[in-house]
Amino acid sequence: MAKSHVNDRGFIRCPCNRCINNAQHQLEVLESHIHRFGFMSDYNEWIYHGENVNAASSSNVPQPNSGVHDRDEMFEVLEDIISNDAEVDQLGSQSSNVQYDDLFTALNSELYPGVSSFSSLNFLVKLMHLKVMNKWTNKSFDELLKLLKLAFPKMDLVESHYEAKKLMTKMGLGYQSIHVCKNDCALFWNENSMSETCPVCSESRWKMQAGRRTGKNVPHKVLRYFPLAPRLKRLFATSKTAKLMRWHQAGKSTDDNVMRHPVDGRAWKDFDRKHPEFADDVRNVRLGLATDGFNPFNNMSISYSMWPVVMTTYNLPPWLCMKPEYLMLSLLIPGPQSPGKDMDVFLQPLIEELKELWENGIDTRDVGNDRKIFKMRAALLWTVNDFPARSSLSGWSGQGYKACPTCNEDTPSMRVIGKTAYFGHRRFLPSTHRWRSNLDFDGRTERKRPPRRFSSVDIMDQLRRVKTTISGKHPNYGGVKRKRGDDELNWRKKSIFYELPYWAEIELKHNLDVMHIEKNICDSLLGTLMGDPHKSKDIDNARRDLQNLGIRYELHLYEDGNKLMKPAAEYTFSDANRRKFCRFVRSVKFPDGFAANLSKNVAQNDSRIVGLKSHDCHVIMQRLLPVGCRSLVNKTISSTIIELCTFFNQLCARTVNVTDMVKAQDQLVIILCKLERIFPPAFFDIMIHLVLHLPEEAILGGPVYMRWMYPFERYLKRLKDYVRNAAKPEGSISEGYVVDEALTFCSRYFDDIETRFNRPDRNDDGIHRTRRLFVFESQCKPMGKQSQVYVEKNVRDRAEFYILNNSPEIETYLNQHKQELQLRGCLNPDETHRNEFADWFFEKIYAMNRVHAPEVTPELLSLASKSNIVVSSYPACIVNGVRFVTHARDVRLKTQNSGVSVPGIENEIFYGQLQEILEFSYLNDFSVVLFKCKWFRCDSRRMVTKNNITSINITSESYKDDQFILASQAQQVFYVEDPSRGPNWRVVQHVNHRSIWDITEDGMSDIDLLQDNSSSNFTLFVDLGNLPQINLQRNDGDVIPIVQPFTTVSQHVNETASFLNDDDEEDVSEEDDETVEESADEEIDEGNDAVDTEEDDDDHSYHTSDSD
């Protein structure tokens, strides 16, 4: 009888002594529970299992969980956890749910006698969630528990944070501890799990003291491995995420030329074409992998490098898959040393699981599909890393003449004094291009062909020639340096990723990280322009390189007595211009939440800009440098820099147009060639060259914001916050992550407390009531003191007419009144319409209301009745998630939120400043919020657009009689000074808000709702005319004395005469290459010693040494 009364999901209430009809399970689980825990002794009439009873007798039947509220969210939480965590073929076994016994005990216990709103488990989970959300210390949590116990002695609650964490981990997914050889040679795992010594170097597995093992076996290193499969299954275990795992199919772009998600990229489509059986089930998971080193300690003087391996799921929509709640920690590689070339040793457990998920899959219960079981498979699409970490993962060294992984052995490079320069991009031009024969670049004619395209077959052929290396850092084994053969090129190893059956065929294996590339280019450009002694590429040896090449004689060093003199270059600011640029940066004010306050990075004497983080460089490159450099350097130089910055604007757009990227691919060659004509060869490190390959990667992988390191660097900051025991940082992070993971899963079910999923944004404007009339939906969340003001009649009349004229629901009445005016033969019908329509509309609606016309709704009647003569005024408000502040208040703040714009009828855009925020009240508690703005004149004399930079004169006001707009119509902009046009001009900068997306949740809208949100909003135009003959010596007569020259000019030229005949061939041993790479890691990738977040991300700069 009971079997015939399961619900539509195949579940039925469980009458065992533990569940007491509170939890629902499948029949197999129910049978197991009854066998283990026994049947309820007082459940005689089976009202939940098909037996009919009369009303009188039903009152004696025990109700489920009579002591605890029937709507306790934790029942649903545990139900989803158990149904998905238990192996499908073991649901009937007696041991399937043993780990959850303590959870069910707490779930069935009242928090306090007589309190039915909380179970003990529910209260504890929510209390722990508050601890995590508000970053309480463990000690403060213990003190809170003691206080609760004192105040409520009968409360059923744990005694300490340790006990609470122990209970929470039962809902988590746990991790495995795998011992590692002290020299990183091998893992004590699988066949080596019982070994006492390393199978490679024979070192002991355990720490020794005076040659003897300590009393307790303590391993040298422990790798924490967080199995991937159960975490992926959890995504299908709850209805909160199961549906979202199909988004990539429903949300992909319908236009092949538009990319908003990796599913729209060529690499995803190519993978589907090669593996149709995998693509047939949209629930199969596409993964991305990221890793980077960071220092878990606040004391940055301690050298420590810990490497988390983080996975992301690309099935999810773009606004979720990079959120920290959806990132999964997979491995935690222990410090204190970076794994370097031995990264593959630590990746073994993850690769084995990825192979299993690809070949066999795993049975998973899909809540979004009636809880049916399906075979879930997973594939790794690509990795996301900075350039040094990319070398460790891919096996291709990022040093030497062949450092570019795309150009491979055809990397354009040359030797300059003290370093390798990636110079010579004319070879990418067509063979007949006139610039190939121009000697102004490097004194030679360029005859080389463009680099070849290396297919997967070519790469595998190269890897077959790579010799097998011994892993580890033992000086007698893996630590032995060896000379790399010429046929091995820059390959140091065959990456472990090639063990994945599909990896060799993937087009985009390892992404170039745009975040670090953009930061390093910004540092190089800004450092050289500013003449920064620490970051400038225009060093003394760079000038000697020009002498060796026999080019740009005006920039050569020359002897003046006993001193060497360096002429000031045109591509550097003069002292006056340097101070002007610093004052420009200091003057910039950004909208709330847009960027950091860059004025703090400007030195007090306006001589330097220091301490820039990655996001600061992102903002400078795309917003400030194009504006600030226009009047401070030669026009040819500034236009080239603007073209490069415009490309980054295109590349980083949320919606990328394939056509734009194809055009950018060709135009970047021209831009780099122009840069080679301007800057010395020493300027061109590998980061400058890698820009050339970013458009192709965008075509393959889709938008950059889902393939760069920003979200992963921020995630490292979260991991760092888990460290509570500095002596055991890896253990602290592992335990903290498991608890936080369980609490995050539980919080998806909580609606009565604030969680990561329901907490309001910083600029949340609340929930608005739906109105029938569009104008009554123009609401805001007011901020600041409310003032009651009396608006002059003529001003209120204009405001009310604007409200009426922007009400699409009364367009019929507007047209009817215009027709009546035409019949009357008015000489000025437009002005008469503005002056008389409000009164005409009032009489019209009230006449209809008297005869009870059905068209007259309360809202329409209120709109016709005009507004109250008293108007509410506010200094600031939040509209549609955007903060606006009146200009009078804005001038006193460090941020700028008074800039507004509205689109016109014929695609023109009007710009202005917000003067007042006015709320007009109507009958029946209806209201309309209007912005009163000062509008700037936008004619061709007062608004100029050039190179995607729009400058506007702010002294000329327009539309003085038409100042109002609806608050909901306003789009935010901000203004920065325009040094090239004078104090009365400002450059308009449009704003993209991170929390607002151009895609509806169902993914079916192709309309961009954001300004400058598509790559097509920027036109990358590159002048292809003849290169002008540039005199690169600044004409202000400045020269820079070199106090301690290494040698005279003539000596340096003679010593490097063979430099001109360098044929770009390389003879580098692996020992030399690794030495260079290790020193570069210390200088470049100090992420080993710091968390590279928005707050702290300087440590990943990729600069080769310029100390020479």
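So, how was this worked out
Residues numbered from 1 in each chain as written. Predicted model: local features only at pLDDT ≥ 70, side-chain atom pairs only at ≥ 80, totals over all residues. Heavy atoms only, no water. Helix = DSSP H or I, 4+ residues; strand = E, 2+ residues; numbered from the N terminus. Buried < 20%, exposed > 50% of the residue type's maximum accessible area, 1.4 Å probe, protein only. Areas by Shrake-Rupley, 256 points an atom, 1.4 Å probe, with all protein chains shown as cover. Salt bridge = Lys/Arg side-chain N within 4 Å of Asp/Glu carboxyl O. Pairing = 2+ DSSP bridges. Axes fitted to C-alpha atoms, helices over the stretch in contact; angles between N-to-C directions. Parallel < 35°, antiparallel > 145°, perpendicular 65-115°, else oblique. Contact = heavy atoms within 4.5 Å. Nonpolar A, V, L, I, M, F, W, Y, C, P; charged D, E, K, R; others polar. Expected span 1.5 Å × (residues − 1). Polar contact = N/O pair within 3.5 Å; in protein donor to acceptor, adjacent residues only side chain to side chain. Left-handed = near helix turned anticlockwise from the far one by under 90°. Core = buried A, V, L, I, M, F, W, Y, C linked by side-chain atoms within 4.5 Å. Phe/Tyr/Trp six-rings, centres within 6.5 Å; stacked < 30°, edge-to-face > 60°. Lys NZ or Arg CZ within 6 Å of the ring centre and 35° of its normal. 1 Å grid on protein atoms, 1.4 Å probe; cavity = no way out; pocket = protein on both sides within 12 Å on 5 of 7 lines; lining within 4 Å. Points joined across faces, edges and corners; volume = space filled by probe spheres on them. pLDDT = per-residue confidence, 0-100.

Novice: How should the overall build of the protein be read in this particular structure?
Specialist: Scanning the protein from terminus to terminus reveals 32 helices and 35 strands. Counting only residues that meet the buried cut, the protein has 57% of its 1108 residues in that class. Carbon and sulfur atoms provide 48% of the accessible area of the protein, an area that totals close to 47300 Å².

Novice: Would you mind showing me how to read the pattern of salt bridges here?
Specialist: Opposite charge on two side chains makes pairing possible when the charged atoms of those side chains draw close. Within the structure shown, the criterion is met by 55 salt bridges. Note that Arg-452 is salt-bridged to Glu-409, the shortest N-O span being 3.3 Å. One end of the pair, Arg-452, is in the loop between strand 16 (419-421) and helix 15 (456-464); the other, Glu-409, is in the loop between helix 14 (387-394) and strand 15 (414-416), with 43 residues separating them in the sequence. A relative accessible area of 45% means that Arg-452 is categorised as partly exposed. As a salt-bridge pair, Arg-543 and Asp-538 come within 2.8 Å of each other at their nearest N and O atoms. This pair shows no difference in class: Arg-543 is buried, exactly as Asp-538 is.

Novice: Hey, could you run me through the sheet that holds strand 24 (residues 876-879) in this one?
Specialist: As a general point, the strands of a sheet are linked pairwise by backbone hydrogen bonds and lie either parallel or antiparallel. Spatially, three strands are ordered 21-24-25 in an open sheet, and the strand pairing comes out antiparallel. Whereas interior strands pair on both sides, the edge strands pair on one side only; in this sheet they are strand 21 (781-783) and strand 25 (882-885). Direction aside, neighbouring strands of the sheet carry axes that sit 25° apart on average. Examined bridge by bridge, strand 21 and strand 24 share three bridges and lie antiparallel to one another. Each bridged residue has a counterpart across the sheet, and for Pro-782 the counterpart in strand 24 is Cys-877.

Novice: Would you mind showing me how to read the packing of helix 5 (residues 120-134) against helix 7 (residues 161-168) here?
Specialist: The angle between the axes and the distance between the axes are what describe a pair of packed helices. Closest axis-to-axis distance for the helix 5/helix 7 pair is 11 Å, and the angle between their directions is 105°. The orientation of helix 5 relative to helix 7 falls into the category roughly perpendicular. Residues Leu-121, Leu-124, Val-125, Met-128 and Lys-131 of helix 5 touch helix 7, and the partners they reach there are His-161, Ala-164, Lys-165, Leu-167 and Met-168. Across the contact of helix 5 with helix 7, the residue classes tally to seven nonpolar, one polar and two charged.

Novice: Where do I start with the environment of Leu-354 in this structure?
Specialist: With respect to the helices and strands, the residue Leu-354 is situated in helix 13 (residues 343-359). Between the C-alpha atoms of Leu-354 and Leu-287, which are 67 residues apart in sequence, the distance is 9.9 Å. If sequence neighbours within four positions are ignored, Leu-354 has contacts with Leu-228, Leu-287, Ala-378, Leu-380 and Leu-500.

Novice: Please clarify how the pairing of strand 23 (residues 870-874) should be interpreted in this entry.
Specialist: On a regular strand, each side chain points to the face opposite its neighbour's, so the side chains alternate between the two faces of the sheet. Taking burial as the measure, the five residues of strand 23 include four buried ones, the bulk of the element. Sheet analysis places strand 22 (residues 787-790) next to strand 23, joined by four bridges and oriented antiparallel. By the bridge assignment for strand 23, Tyr-790 is matched with Val-870. Across three bridges, the pairing between strand 23 and strand 27 (residues 909-921) is antiparallel. Across the sheet, the residue bridging to Ser-873 is Leu-918, located in strand 27.

Novice: I'm lost on helix 16 (residues 514-530) in this one. Help?
Specialist: Counting along an α-helix, one turn takes 3.6 residues, and residues three or four places apart therefore face a common direction. The end-to-end C-alpha distance of helix 16 is 23 Å, a good match for the 24 Å that 17 residues give at a rise of 1.5 Å each. For helix 16, the buried fraction is high: 17 of the 17 residues fall into the buried class. Where helix 16 begins, the side chain of Asp-513 points an oxygen toward the backbone nitrogen of Met-515, at a separation of 3.3 Å. Positive phi appears at Gly-531, one or two residues downstream of helix 16, with a value of about 70°.

Novice: Would you take a moment to explain the packing of helix 27 (residues 811-824) against helix 28 (residues 829-850) for this structure?
Specialist: Interhelical geometry of helix 27 versus helix 28 gives an angle of 120° and a closest axis separation of 9 Å. Taken together, the axis directions place helix 27 and helix 28 in an arrangement best described as oblique. As for the relative orientation of helix 27 and helix 28, their crossing is right-handed in sense. Between helix 27 and helix 28, the residues in contact are Tyr-813, Leu-814, Gln-816, His-817, Lys-818, Glu-820, Leu-821 and Arg-824 and Pro-829, Thr-832, His-833, Glu-836, Phe-837, Trp-840, Phe-841, Lys-844, Ile-845 and Met-848, respectively. Of the residues belonging to the contact of helix 27 with helix 28, the class tally is nine nonpolar, four polar and five charged.

Novice: Mind showing me how you'd approach the nonpolar core here?
Specialist: Among the nonpolar cores identified, the biggest contains 186 residues, and Leu-232, Leu-287, Leu-380, Phe-581, Leu-625 and Phe-648 are the most heavily contacted of them. By size, the runner-up hydrophobic cluster in this structure holds 51 residues, among which are Ile-803, Phe-841, Met-848 and Leu-863.

Novice: So what exactly am I meant to see when it comes to unusual backbone geometry here?
Specialist: Keep in mind that most residues, glycine aside, have a negative phi and that most peptide bonds are trans. A cis geometry characterises the amide bond from Gly-335 onward to Pro-336, with omega recorded as 5°. The residue Pro-336 is located in the loop between strand 11 (328-333) and helix 13 in this model. Residues other than glycine seldom take positive phi values, yet Asn-924 does so here, at roughly 60°. By the element assignment, Asn-924 lies in the loop between strand 27 and strand 28 (927-936). Residue Asn-924 is classed as exposed on the basis of its relative accessible area, which comes to 51%.

Novice: Would you take a moment to explain the side chain of Asp-366 for this structure?
Specialist: Mapped onto the elements, Asp-366 comes out in strand 12 (residues 362-366). A relative accessible area of 0% means that Asp-366 is categorised as buried. A distance of 3.1 Å separates the side chain of Asp-366 from the side chain of Arg-283, its partner in a polar contact. Contacts of Asp-366, omitting those with residues within four sequence positions, involve Phe-236, Ala-242, Arg-246, Arg-283, Arg-371, Lys-372 and Phe-374.

Novice: Hey, could you run me through the sheet that holds strand 10 (residues 307-313) in this one?
Specialist: Read across the sheet, eight strands follow the order 4-3-7-11-10-9-14-17 without closing on themselves; strand pairing throughout is mixed. Edge positions in the sheet fall to strand 4 (187-188) and strand 17 (510-512), since each has one partner strand and no second. As paired strands, strand 9 (residues 285-291) and strand 14 (residues 378-385) are joined by six bridges and run parallel to one another. Within strand 14, the residue paired with Leu-287 across the bridge is Leu-380. With respect to the sheet, helix 13 is in contact with strand 3 (176-180), strand 4, strand 7 (221-225), strand 9, strand 10, strand 11 and strand 14, its orientation differing from that of strand 11 by roughly 150°. Those strands touched by helix 25 (residues 729-747) are strand 7 and strand 11, and its axis lies near 165° from that of strand 11.

Novice: Looking at this structure, how should I read helix 26 (residues 793-805)?
Specialist: For helix 26, which comprises 13 residues, the first-to-last C-alpha distance of 18 Å matches the rise-based estimate of 18 Å (1.5 Å per residue) to within 8%. Every buried residue of helix 26 is listed here: Val-795, Arg-796, Ala-799, Glu-800, Phe-801, Tyr-802, Ile-803 and Leu-804. Considering only its buried residues, helix 26 is in contact with helix 27, helix 28, helix 29 (858-864), strand 27, strand 28 and strand 32 (964-966).

Novice: Help me understand the packing of aromatic side chains, please; the structure alone is not making it clear to me.
Specialist: Describing an aromatic ring pair means giving the distance of the ring centres and the angle of the ring planes. In this structure the tally under the stated criterion is 37 aromatic pairs. Ring geometry for Phe-590 and Phe-594: centres 5.6 Å apart, planes at 20°, overall stacked. Residues Phe-590 and Phe-594 agree in their burial class; the two are buried. Ring pairing ties together the aromatic residues Phe-423, Tyr-571, Phe-679, Phe-683 and Phe-684, which thus form one cluster. If you follow Lys-126 out to its NZ or CZ, it ends over the ring of Phe-750, 5.0 Å from the centre. Here the basic side chain of Arg-234 rests over the ring of Phe-745, its NZ or CZ set 5.0 Å away from the ring centre.

Novice: Sorry, what's going on with empty space enclosed by the protein here?
Specialist: Rolled over the atoms, a probe with the dimensions of a water molecule shows which regions are left empty. This model, assessed by the stated rule, comprises 10 cavities of 30 Å³ or more. Quantified by volume, the largest cavity comes out at close to 300 Å³. Glu-325, Leu-327, Glu-741, Thr-744 and Arg-748 are, among the 20 residues lining the largest cavity, the residues nearest its centre. Elements represented by at least two residues in the lining of the largest cavity include exactly helix 8 (229-235), helix 24 (710-721) and helix 25.

Novice: I'm lost on the confidence of the model for the protein in this one. Help?
Specialist: One rule of thumb: low pLDDT means the predicted coordinates there are not for detailed reading. For the protein, mean pLDDT is 84; residues scoring 70 or higher make up 83% of the total. Counting contacts from residues 87-96, a segment whose pLDDT is below 50, to residues more than four positions away or on other chains yields 18 contacts.

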